[in-house]
Amino acid sequence: MNYIEHVGKYFMMLFQVFKKPQRRRFFYESLFKEIEELGLKSLGIIMFISFFIGGVIALQTALNVDSPFIPKSLIGFAAKRSIILEFAPTFCSIILAGKVGSYITSSIGTMRVTEQIDALEVMGINSLNHLVLPKVIATVFFYPFLISLAMVLGIFGGWVAGVLSGLFSGLDYIEGLQMDFKPFLITYAMIKTLVFAFLIATVPSYHGYYVKGGSIAVGKASTKSVVWTTILIVIFNYFLTQMLLT
Amino acid sequence: MIEVNNLHKGFGDVKILKGISTKFYPGKTSLIIGQSGSGKTVFLKSLIGLHTPEEGFISFDGRVNTNFTTEEKRQWRQEIGMVFQGSALFDSQTVEENVMFPLKMFTKKTNSEMLDRVNFVLKRVNLENANKKLPAELSGGMQKRVAIARAIVMNPKYLFCDEPNSGLDPQTAIVIDNLIQEITEEYNITTVINTHDMNSVMEIGEKILFLKNGLKAWEGSSEDIFKTDNEAVVDFVYSSNLFKKVREAYLNETK
C-alpha cells in the first residue's frame, strides 16, 4: 500500500474515532485507565530523564562558555531556552513515542489478532471510538502536565549540576532563568506538546488497529509505529517552529 | 430464522463465496463444515455482518441486515451472540467484567441487576467461583465457557460459534458441544457453528451445511450424513478410518 493510501486510511480512522462515545460511563472508566497507563506510568521515566538531561545541558553550556566576557548568567538562560523550546516538548515526546507508542500498538494489535476487536464489532460497538478516543483524550490532556514537569525538573537539574560541579553559581543560574523571559515560548512548547500528544496516541493506534497476521506482525507493527511517530514528530516540530517562531 | 439467499463474497479478484443459499432455524444447532479455504469463516463473518455481501442477501426473521438503519443495526447486533475460535475474551478484564461488558454497554440495569444476570449465566455454563479470575488464569475449556456466557448474557436470538471446540481435549469438546446444544434448545436460539470437528457433526449436527470451493456442496442432518453418497462429503467426513468404521456400523445397523 502506498503512503497516500495510508494517509487516507488514517484520516478515515480519525473520522470513526471522533464520534460520540456510546456509553459515557464506560468512556470515563476507559479514560481514567488510559490516563494511568499512558500518563502516570510515564512519570518516572520523564522525571528521571528530564532531571539528568537538564543537568547535562547546563554542564555542556558551562563548559563551552569559557570566555570571561560572557556572563555566567547566560548558562541559565541557554539551559532554560533549550529545555523549554526543545528538550521538554520534543525530546520527551520522542521518548514517549517509544514507550507509549509501542504499548498502544501492541495492545491494540494483540486485540486485533486475538479477535477481541471483532468481538467488539459484533456487539455493535464502534471499536475505534471505544479503543482510541480515550487514548487521544488522555494524552492530549495529560501530556502538557508531563511536559511542564519535564521543564521544571530539567531546569532544576541544571541548577543542581551547576552547584555540585562548581562551574557556575546558583544565583547566576537563577538570574539567567529570569533574563528575557517570554511567556509565548511556553505557549509554543504547549502547542507542540498537544500536536505531538495527538500523534503519539493516533499513529500507533493506526498501526495496531490495522495489523494483519500474528504475534510477529504485532511486533513489527510496534517497531513501525515508533519509527513513524518519531518521524512525524520531527517533521511537525520543524513546521510548527517555522510557523510559530519565524 | 436466518435465510441466506444467493450469497456472493470475494476479496479483490478472488471469489470466496459463489452463491450460497440456505436457511437456519430457531432451536436448532446448524453446523457449517468444509475443508480449510472452503469459505466457512467468510460465510460466518458474512452472517454476523463483519463482511458485506457483494451479491445476495441475508435476512434475520425477515429483516435484511444490509438494509438496516443505524438504529436497527444497533438493535440487531444486540440480538447476536458470538463465540470466537480463540474465545476473544478481553484479557485485561476479569471473567465477571467480560460477561458484564455487553450489559454495561447496552442496558440501563443497575450494578446489582447486572451482577445477578452475570452470575446466572456463569452458573448456566457451570462456571461458578471464577468471577474475579483473569482469562489468562483459566483453561481453554473454561475460557470457551466464559465466551459462551458472554455470548448469551443479552439473551440473543442468534448464536454463532467459530470452531468452539478447537484446541480442546475430546472430553471438554463434548461438554462445550452439549452446552451449546442445550442452550440453543432452552432459549430457542438460532445457532450456527463453524467446525472441523467430526465428533460435533455426529453429536449435535441437527442441520449440516457442507461447503466446497465457496459453494454449498451438500446439506442435511447428522442422520443423512451417514447415508449420503455425495463423494465430496464422504471424502471429507470419512477421511479417517474411525469414522469409516462408524459409518459402516451405522449402515449395517439400519439395514
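Starting afresh in each chain, residues are numbered from 1 along the sequence in its written order. Chains and ligands are labelled sequentially in the order written, the chains with letters from A and the ligands with numbers from 1. Only residues with pLDDT of at least 70 are given local features in this predicted model, and only at 80 or more are side-chain atom pairs given and counted; all residues enter the totals for whole chains, interfaces and linings.

Caption draft 1: View of the sheet that holds strand S8 (residues 190–194) of chain B. All names here are of chain B. Here, any two strands with at least 2 DSSP bridges between them count as paired. Secondary structure follows DSSP: runs of H or I at least 4 residues long count as helices, runs of E at least 2 residues long count as strands, and numbering of each begins at the N terminus. In spatial order, the strands read S6-S7-S8-S3-S9-S10; together these six strands make up an open sheet with mixed pairing. The strands lining the two open edges of the sheet, one partner per strand, are strand S6 (80–83) and strand S10 (215–220). Mean inter-strand twist for the sheet, computed between neighbouring axes without regard to direction, equals 20°. The pairing of strand S9 (residues 207–212) with S10 spans five bridges and is antiparallel. The angle between two axes is taken between their N-to-C directions and runs from 0 to 180 degrees, where each axis is a line fitted to C-alpha atoms and a helix contributes only its stretch in contact.

Caption draft 2: Layout of the sheet that holds strand S1 (residues 2–11) of chain B. Residue and element names in this part refer to chain B. Strand order in the open sheet formed by four strands is S2-S1-S4-S5, with antiparallel pairing between adjacent strands. The open sheet has two free edges, formed respectively by strand S2 (14–24) and strand S5 (63–64), since each of these has just one partner strand. A pair of residues counts as a contact when their C-beta atoms, built from backbone coordinates, are separated by no more than 7 Å. Each of S1, S2 and strand S4 (55–60) is contacted by helix H1 (residues 40–47), which is oriented at about 60° to S2, the strand it contacts most.

Caption draft 3: Fine view of the pairing of S4(B). Residue and element names in this part refer to chain B. The pairing of S1 with S4 spans five bridges and is antiparallel. From the neighbouring strand, histidine 8 faces S4, where its bridge partner is glutamate 55. Pairing of S4 with S5, which is carried by two bridges, proceeds in the antiparallel orientation. By the bridge assignment, phenylalanine 60 is partnered in S5 with arginine 63. Counting the residues between successive antiparallel strands, the hairpin from S4 to S5 contains two residues, one of them, aspartate 61, with a positive phi of roughly 50°.

Caption draft 4: How the structure looks around the confidence of the model for chain B. All names here are of chain B. For every residue, the predictor states its confidence as a pLDDT score lying anywhere from 0 to 100. This prediction gives chain B a mean pLDDT of 89; 100% of its residues lie at or above 70. Summarising per-element confidence for chain B, the mean pLDDT is lowest in helix H10 (residues 241–254) (77) and highest in S8 (94). For this predicted complex, the interface confidence comes out at an ipTM of 0.85, alongside a pTM of 0.87.

Caption draft 5: Representation of the environment of A:Ile186 within the structure. Residue and element names in this part refer to chain A. Along the chain, isoleucine 186 turns up in helix H8 (residues 183–209). Residue class for isoleucine 186 comes out partly exposed when judged on the 14 C-beta atoms lying within 10 Å of it. Linking isoleucine 186 and isoleucine 46, residues 140 residues apart in sequence, is a C-alpha distance of 18 Å. Partly exposed residues are those falling between the two cut-offs: more than 12 but fewer than 20 other C-beta atoms within 10 Å of their own, whereas 20 or more means buried and 12 or fewer means exposed, with C-beta atoms placed from the backbone.

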